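What follows is each chain in one-letter form.
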Amino acid sequence: MLYYMEMLGAFVLFMFLGLMFSPFLGGCFMIMLVLFLLGGFIVFFSINFIWFLIAGLIFYSCGWVVKFYRWHKLPDMHKYLEQNPQCRLSHGVACNHCNSDNIKHTGLFNQNSRWRYYTCNSCGHTLYRFMVL
Ligand SMILES: [Zn+2]
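Residues numbered from 1 in each chain as written. Predicted model: local features only at pLDDT ≥ 70, side-chain atom pairs only at ≥ 80, totals over all residues.

**Focus on the overall build of the chain**
Summing up its helical and strand segments, the chain has 3 helices and 5 strands in all. Ordering the α and β elements of the chain from the N terminus gives α-α-α-β-β-β-β-β. Burial analysis of the chain (133 residues in total) assigns 5% to the buried set. Residue pairs in contact within the chain that sit at least 24 positions apart in sequence constitute 33% of those at least 6 positions apart. (Helix = DSSP H or I, 4+ residues; strand = E, 2+ residues; numbered from the N terminus. Buried ≥ 20, exposed ≤ 12 C-beta atoms within 10 Å, placed from the backbone. Contact = placed C-beta atoms within 7 Å.)

**Things to note about the sheet that holds strand β4 (residues 115–120)**
Taken in spatial order, the 3 strands of this open sheet run β3-β4-β5, and their pairing is antiparallel. On the outer flanks of this sheet lie β3 (103–107) and β5 (126–131), each paired with one strand and no other. Neighbour-to-neighbour, the strand axes of this sheet turn through a mean angle of 25°, independent of strand direction. As defined by bridge partners, β3 adjoins β4 across 5 bridges and the pair is classed as antiparallel. Following the sheet pairing, K104 is matched in β4 by T119. (Pairing = 2+ DSSP bridges. Axes fitted to C-alpha atoms, helices over the stretch in contact; angles between N-to-C directions.)

**Digging into the nonpolar core**
Listed in full, the 6 residues of the largest apolar core are C95, Y117, Y118, C120, L127 and Y128. When residues of this core are traced back to their parent elements, those giving at least two are β4 and β5. For this core, the element with the highest residue contribution is β4, accounting for 3 residues. Aside from chain neighbours lying at most four places away, what touches Y128 is L74, P75, D76, M77, Y80, Y117 and Y118. (Core = buried A, V, L, I, M, F, W, Y, C linked by C-beta atoms within 7 Å.)

**Structural notes on unusual backbone geometry**
For N99, which is not a glycine, the phi torsion comes out positive at approximately 65°. Checked against the element boundaries, N99 lands in the loop between β2 (92–93) and β3. Its 14 C-beta neighbours within 10 Å are what place N99 among the partly exposed residues.

**Side note on the environment of M30**
With respect to the helices, strands and loops of the structure, M30 is situated in helix α2 (residues 28–73). Between the alpha carbons of M30 and M15 there is a distance of 7.0 Å; along the sequence they are 15 residues apart.

**Notes on the pairing of β5**
Regular strands show a simple pattern: their side chains alternate between the two faces of the sheet. Where β4 meets β5, 5 bridges bridge the pair, whose relative direction is antiparallel. Along β5, the bridge assignment pairs R116 with F130. Linking β4 back to β5 in an antiparallel pair, the connection comprises 5 residues, with G124 at a positive phi of about 85°.

**Quick look at the confidence of the model for the chain**
On average, residues of the chain carry a pLDDT of 86, and 89% of them reach 70 or more. No element of the chain has a lower mean pLDDT than helix α1 (residues 2–25), which averages 69, and none a higher one than β4, which averages 95. (pLDDT = per-residue confidence, 0-100.)

The following block contains the structure:
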């Protein structure tokens, strides 16, 4: 609130000065002042916008790092079958939670991602990771 009062005070002062100087400067002063204020506002908001964008990017990349770290912590297929020997089936791999053989692979970042992982279609558990070469 105080900030706006100061702004208003400065504006009134400049308007007064503008009226005083307008006969000499031909009214250019007010136009310049308006342009200056407008420019100031644009710079102020664009700086805030850039920080907003940077904060968003940082959050976004943190999400990716966390996602990748979680993926990296998953066992690969070899390790998964070593830990869960009962999951090795003649035609594939079963879920170690519900023993369903209905599993699907998903990309980590998007559907065509090189970093992929298998999840169980029945219980939704994440089973193991693999990477497309
Ligand atoms: Zn399952």
